[in-house]
Amino acid sequence: MKKVGIIGAGQLGQMLGFAGQKLDLEFVFLDPSPNPPAAVVGPVLPLPFDSAEGLSQLARDTDVVTYEFENVPVSAIEQISGDVAVYPPSDALRYAQDRLHEKQLFESLQIPIPSYRTIDSDQDLREAASEIGLPLVLKTRRLGYDGKGQIVVRDEDDLANAVAALGGSDLIAEQLVPFDREVSAIGVRNVRGDVVVYPLIENQHRNGILNISRAPVDAPALTALAIRHLEQMLCHLDYVGVLTIEFFVVGDELLANEFAPRVHNSGHWTIEGAATSQFENHLRAVLDLPLGDPSPVGHAAMLNLIGSMPPPNLDLGGYSACLHDYGKEARPGRKLGHITVVTGDTAALDLTVTRLTEILVA
Ligand code: AMP
């Protein structure tokens, strides 16, 4: 029986663990948080992500190590990469941790991105505003997620305090893109270099946090473009595992916003909605097994449950819906679970999503 080490034991680790049961895998996690969600699928070493002791135990006891969030210290991966295979590669992690390096990577691969400038002072922001125009979004280069660490600068008055509000330096200002919609593309590459790609996903955010994802998006030209960009990235990084790129759609163009070197919230629908889930395929990739079929089995939507869970007596029976409870303590803004619905056509999907949304906010 193969054993997989995972740095991080949140809900993504939990869902990797559930997928691994089908592949007869064992897991061990490294995570200092109390009662992490993945504890239900394997033992957790309760040590910091960069603990030499925890990392060497993972390397010693497992066949392969992977991670479930992108702020794992790159030095942690490098510490053990001589002792055990660690995927995705540390280069991918390094790029994903710094918005400037991430943008430079997209540019080097000729993947279009929004106009941007680096910002280290009020003066830089004023110059960016006159060059790119307002409104723009000011973001920290590091440690931003779910819309945290970013401010929309709409007019001259907002220019004064924005830089200081985000720490004064190491920032990026980018055009506030008037997008038609947001989509993500998820691809997987295994050690021997086979690649499979999931259908394009449409994402709606609320307060910077993913709210609803739907797939497949019926847009063949955009899908072909997204697949080309994904394949460029996977190949260039000699990537192993699941990789997600988030794009803004403007007309018939895709502008890359960011990428994640891991399984992704916008791919949770694949558990019920695709022949092989992103979680199973990530495990297959890092263990160099043949990749599973990423085809959709219907029209799927995933609704994130943020801040609170629906009442326990919520009847989802009539909606062929599946509720995932990560077992986390409720807190405002926290992702606690999700619901996936899979239907035979888009009209039924729209109806179900509308009804479920009404029930959830009631
Ligand atoms: P991020 O943390 O960069 O993924 O941003 C979270 C969300 O904020 C995105 O999914 C968009 O909805 C919005 N957003 C971020 N950057 C921009 C931008 N440059 N233009 C328009 N919307 C943006």
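Preceding this paragraph is the structure being described.
S.K.: Please explain helix α7 (residues 156–165) as it appears in this structure.
M.R.: An α-helical segment advances 3.6 residues per turn. Residues three or four places apart therefore align on the same side. Every buried residue of α7 is accounted for by L159, A162 and V163. The buried residues of α7 occupy an angular sector of 80° when projected down its axis, which confines them to one face. Across from the buried face of α7, at angles greater than 90 degrees, the exposed residues are D157, N161, A164 and A165. Taken together, the buried residues of α7 touch β6 (116–119), α6 (122–132), β7 (136–140), β8 (150–153) and β9 (171–175). The first or second residue beyond α7 is G167, which carries a positive phi of 100°.

S.K.: Is there a simple way to think about the packing of aromatic side chains in this case?
M.R.: A ring pair, where both rings are aromatic, is described by two values, the distance of the centres and the angle of the planes. Here the structure, examined in full by the defined rule, presents 5 aromatic pairs. Here F49 and F69 contribute two aromatic rings whose centre-to-centre distance is 4.7 Å and whose plane-to-plane angle is 55°, an arrangement assigned as tilted. Within this pair, whereas F49 is found in the loop between β3 (44–45) and α2 (52–61), its partner F69 is found in the loop between β4 (64–67) and α3 (74–80), the two being separated by 20 residues in sequence. Seen from their ring centres, F179 and F248 are 5.2 Å apart, and the 5° between their planes marks the pair as stacked.

S.K.: For this particular structure, what's the right way to read the site of the ligand?
M.R.: Neighbouring the ligand are 16 residues; K139, E174, V177, E182 and E258 lie closest to it. Measuring from a nitrogen atom of the ligand, one finds a side-chain N or O atom of E174 at 2.8 Å. The side chain of N257 places a nitrogen or oxygen atom 3.1 Å from an oxygen atom of the ligand. Protein chains bury 91% of the 470 Å² of accessible surface belonging to the ligand in isolation.

Conventions adopted
Residues numbered from 1 in each chain as written. Predicted model: local features only at pLDDT ≥ 70, side-chain atom pairs only at ≥ 80, totals over all residues. Heavy atoms only, no water. Buried < 20%, exposed > 50% of the residue type's maximum accessible area, 1.4 Å probe, protein only. Helix = DSSP H or I, 4+ residues; strand = E, 2+ residues; numbered from the N terminus. Arc of directions from axis to C-beta. Contact = heavy atoms within 4.5 Å. Phe/Tyr/Trp six-rings, centres within 6.5 Å; stacked < 30°, edge-to-face > 60°. Near = heavy atom within 4 Å. Polar contact = N/O pair within 3.5 Å; in protein donor to acceptor, adjacent residues only side chain to side chain. Areas by Shrake-Rupley, 256 points an atom, 1.4 Å probe, with all protein chains shown as cover.

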